[in-house]
Amino acid sequence: MRVLVAGGDGFCGWPTALYLSSRGHDVSIADNLSRREWDRELGTNSLTEISEPGSRVARWKEVSGREIEAFVGDLTDERFVYETIERLRPEAVVQFAEQRSAPYSMIDRSHAVFTQVNNVVGTMNLMFAIGELVPDCHLIKLGTMGEYGTPNIDIEEGYLTVEYKGRTDTLPYPKQPGSFYHLSKVHDSHNIMFACRAWGLRATDLNQGVVYNVDTEETASDPVLRNRFDYDGIFGTALNRFCAQAASGSGITVYGGGGQTRGFIDIRDTVRCVELAANHPAERGEFRVFNQFTEQWSVLELAQLVERVARSLDLQTELAYLDNPRVEKEEHYYRAANTRLIDLGLKPHLLTEETVERLLVMALENRARIEPETFAPRVDWRKPDYR
Ligand code: NAD
Ligand code: USQ
C-alpha cells in the first residue's frame, strides 16, 4: 500500500513509518519539524538522543534496504499538501501531524489559537486534497480518548444509541474535552465526519489513549533510528515522565489526588493499530471510530507502580502530590469500550513491571540528559493569559 505518514518525525509517527515500511508498504513521511522547534522554544529535550530526519531515513535504507521518502513541509500550507498528495497519490494517509500537548495549548491565547489553527487547518487541507485528488484514499486520523472526557456512563466507540421521547437514534458520543488541544481533536472529528457524509470520504478516527514506552523493534535496531522520549512538564506524558522522574531521584508528580483514570497504550501497539486500520479500510462515506487503548489506569496506580519498581532497583524516589494545575475530575467513573481493534486482531502488550523496569534502566542510561528543572508543571488551566 502507498501510505503517507503525516507527522512522521514524531513520537508515534516515526515508529509507525518504520513499522509499515518493514511490513512491505511503500511509505513516505511529511513533517515540518515543528516539534523539534518547540523544544527549542520551551527549553525542553528528549531523554533519548534523536538523530536529524535526513540521517534517520538514510540509516533506515542501509538497515532495511527500504526507502522512505521524506517531505519537509507544513500541513497548514495548502500548496504543500496539495502537491504532496498529487505526487504520491497515496492509498492511505495517517494523520499524526498536530500539536499534541494539552499544557502547550493552555499556555496563553497565542498557543491556544496556534494549536487549534495548526491542527484543524492542517487536517482540513488533507481532507480537501484527498477528496479532490484521491477520493478512494483512506484517511486514518489520530484522535484522542480525551475527546470524551470523563462522563458518568460507559464510553462507547464514537457513537451512542439514545432513546428520547419515544424515538431512537445513534448519534456521535457527547464530547467533554479538557483542554484547547483536546478541543481541536473534537473539531477535527466533526469536520471529517461531515466530509465523509458530503463527499463520500472514507475515514477512521483512532481515539488513542496516553502512549507509553519508547521503542519498537525497528527503532531499537540502530541508535540512529531511536525514538524520542518526552519527560518535561509540557510534552511528557504520565508513565514515561514518571520513569524519568524516578530515575533522576526526583519526586513522581501526581496531580491532585491521582484518581484521574485514562486509557493507556504501548507504542508497540500504536503502530500495530494503525496497520490494522490501514489493512481494513473504512467504506466510502464511512466515518469509523476506534478507541485505541489497551488498558485503564489511574494516575496514582501508575505512580505507585513506578515507585515500587524503582525501589526494587534501589532508586530513591517518592510520590510528590502537587496541586492539580489542570481542571479535571480527580475521582470519577471510567469504563471505555475498546473492542474494535481487538476484533481486527490486536494482541495487546499489557503494562508489566518488566516494561517499567526497562524504561527505568533506559532513563538511567540517559540520566545525564535529564534536566530536572523541566519536570515541574508550569501551565495553569485556571488563568487565561491574553498574550
Ligand atoms: P509528536 O509531537 O511527537 O509528533 C507530531 C509530529 O507532527 C511532529 O513531528 C511535528 O513536527 C509534526 N507536526 C505538527 N504540526 C505539523 C504541521 N502543521 N505540519 C507538518 N507537521 C506537523 O506527537 P505524537 O506523540 O507522535 O502524537 C502524534 C499524534 O497522535 C497527535 O495527533 C496526537 O494528538 C495523537 N496522540 C498522541 C498520544 C500520545 O500519548 N503521544 C496519545 C493520543 C493521541
Ligand atoms: N498527570 C499527573 N502528573 C503528571 C502528568 C500528568 O498526574 O506529571 C495526569 C494529568 O493531570 C492527567 C493524566 O495524568 O489527568 C494524563 O496526563 P498526560 O499529560 O499523561 O496526558 P494528556 O495531557 O491527557 O495528553 C496525552 C497526549 C495527548 C493525547 C492524550 C490521550 O499528550 O496527545 O491526546 O494523552 S488522552 O489522555 O486519552 O486524552
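Residues numbered from 1 in each chain as written. Chains lettered and ligands numbered in written order. Predicted model: local features only at pLDDT ≥ 70, side-chain atom pairs only at ≥ 80, totals over all residues. Heavy atoms only, no water.

J.: Could you clarify how one ought to interpret the overall build of the protein chain in this entry?
T.: Secondary structure summary: the protein chain contains 12 helices and 14 strands in total. For the protein chain, the spread of C-alpha atoms along the principal axes amounts to about 65 × 55 × 45 Å. When burial is assessed residue by residue, the protein chain has 58% of its 387 residues classed as buried. A separation threshold of at least 6 residues defines the contact pool for the protein chain, and within that pool the share at least 24 residues apart is 81%. In the structure as shown, the protein chain presents an accessible area of about 16400 Å², 50% of it carried by carbon and sulfur atoms. Taken together, the 43 basic and 58 acidic charged side chains of the protein chain have centroids lying 2 Å from each other. (Helix = DSSP H or I, 4+ residues; strand = E, 2+ residues; numbered from the N terminus. Buried < 20%, exposed > 50% of the residue type's maximum accessible area, 1.4 Å probe, protein only. Contact = heavy atoms within 4.5 Å. Areas by Shrake-Rupley, 256 points an atom, 1.4 Å probe, with all protein chains shown as cover. Lys, Arg positive; Asp, Glu negative; His and termini not counted. Charge placed at Lys NZ, Arg CZ, Asp CG, Glu CD.)

J.: Just to check I follow, could you spell out the sheet that holds strand β13 (residues 295-298) for this structure?
T.: If you walk across this open sheet you meet the 3 strands as β9-β11-β13, and the pairing is mixed. Among the strands making up the open sheet, the edge pair consists of β9 (210-212) and β13. The average angle at which neighbouring strand axes cross in this sheet is 45°, direction not considered. Together, β9 and β11 (261-266) form the strand contacts of helix α9 (residues 267-279), whose direction differs from that of β11 by roughly 80°. Contacting β11 and β13, helix α10 (residues 299-312) runs over the sheet at an angle of about 85° to β13. (Pairing = 2+ DSSP bridges. Axes fitted to C-alpha atoms, helices over the stretch in contact; angles between N-to-C directions.)

J.: How should I be thinking about the site of ligand 1 in this particular structure?
T.: Close contacts around ligand 1 come from 28 residues, with C12, D31, N118, Y181 and K185 the closest. Within the side chain of D74, an N or O atom sits 2.9 Å from a nitrogen atom of ligand 1. Between ligand 1 and V211 there is a distance of 2.9 Å, counted from an oxygen atom to a backbone nitrogen or oxygen. Relative to its free-state accessible area of 810 Å², ligand 1 is covered by the protein chains to the extent of 98%. Broken down by secondary-structure element, the contributors of at least two residues to the shell around ligand 1 are α2 (34-42), β5 (138-144), α7 (180-199) and β9. The element contributing the most residues to the shell around ligand 1 is α2, with 3 residues. A per-class count over the shell around ligand 1 returns 11 nonpolar, 9 polar and 8 charged. (Near = heavy atom within 4 Å. Polar contact = N/O pair within 3.5 Å; in protein donor to acceptor, adjacent residues only side chain to side chain. Nonpolar A, V, L, I, M, F, W, Y, C, P; charged D, E, K, R; others polar.)

J.: Whenever I open this one, the pattern of salt bridges confuses me. Can you help?
T.: One side chain can pair with another of opposite charge once the charged atoms of both are near each other. Taken as a whole and assessed by the stated rule, the structure comprises 32 salt bridges. Between E62 and R59 there is a salt bridge, and its shortest N-O distance comes to 3.0 Å. With E62 and R59 both in helix α3 (residues 53-64), this residue pair falls 3 residues apart, about one helical turn. Note that D215 is salt-bridged to R226, the shortest N-O span being 2.6 Å. With D215 in the loop between β9 and α8 (238-247) and R226 in the loop between β9 and α8, this residue pair connects regions lying 11 residues apart in the sequence. Given a relative accessible area of 13%, D215 falls into the buried group. (Salt bridge = Lys/Arg side-chain N within 4 Å of Asp/Glu carboxyl O.)

J.: I'm lost on the side chain of N366 in this one. Help?
T.: Position of N366 relative to the elements: it lies in the segment after α12 (353-365). Among the residues examined, N366 registers a relative accessible area of 14% and is labelled buried. In this structure, N366 is in contact with L47, T48 and R226, ignoring residues within four places of it in sequence.

J.: Please explain the nonpolar core as it appears in this structure.
T.: Membership of the largest hydrophobic core comes to 35 residues, with the highest contact counts inside it found for I85, V93, L139, I192 and L201. For this core, the elements supplying multiple residues, two or more each, are β1 (2-6), α4 (78-88), α6 (109-133), α7 and β12 (287-292). In terms of residue count, the dominant contributor to this core is α6 (5 residues). Apart from the residues within four sequence positions on either side, L201 is in contact with M127, I130, G131, L139, I192, A195, C196, E283, R284, G285 and E286. Of all hydrophobic cores here, the second largest spans 34 residues; its members include Y212, F229, A246 and L305. (Core = buried A, V, L, I, M, F, W, Y, C linked by side-chain atoms within 4.5 Å.)

J.: Help me out: how do you make sense of empty space enclosed by the protein in this one?
T.: Think of a ball as big as a water molecule: rolled over the atoms, this probe shows where empty space is left. In the structure shown here, the tally under the stated rule is 3 cavities of 30 Å³ or more. As a volume, the largest cavity reaches approximately 60 Å³. Lining the largest cavity we find E147, G158, Y159, P172, K175, S189, M193, D205, N207, F287 and V289. Those elements giving two or more residues to the lining of the largest cavity turn out to be α7, β8 (202-208) and β12. Of the residues belonging to the lining of the largest cavity, the class tally is 5 nonpolar, 3 polar and 3 charged. Taken as a whole, the second largest cavity holds about 40 Å³ of empty space. Along its surface, the second largest cavity is lined by P103, G233, Y255, P325, R326, P377, R378, V379 and W381. Per-class residue counts for the lining of the second largest cavity are 6 nonpolar, 1 polar and 2 charged. (1 Å grid on protein atoms, 1.4 Å probe; cavity = no way out; pocket = protein on both sides within 12 Å on 5 of 7 lines; lining within 4 Å. Points joined across faces, edges and corners; volume = space filled by probe spheres on them.)

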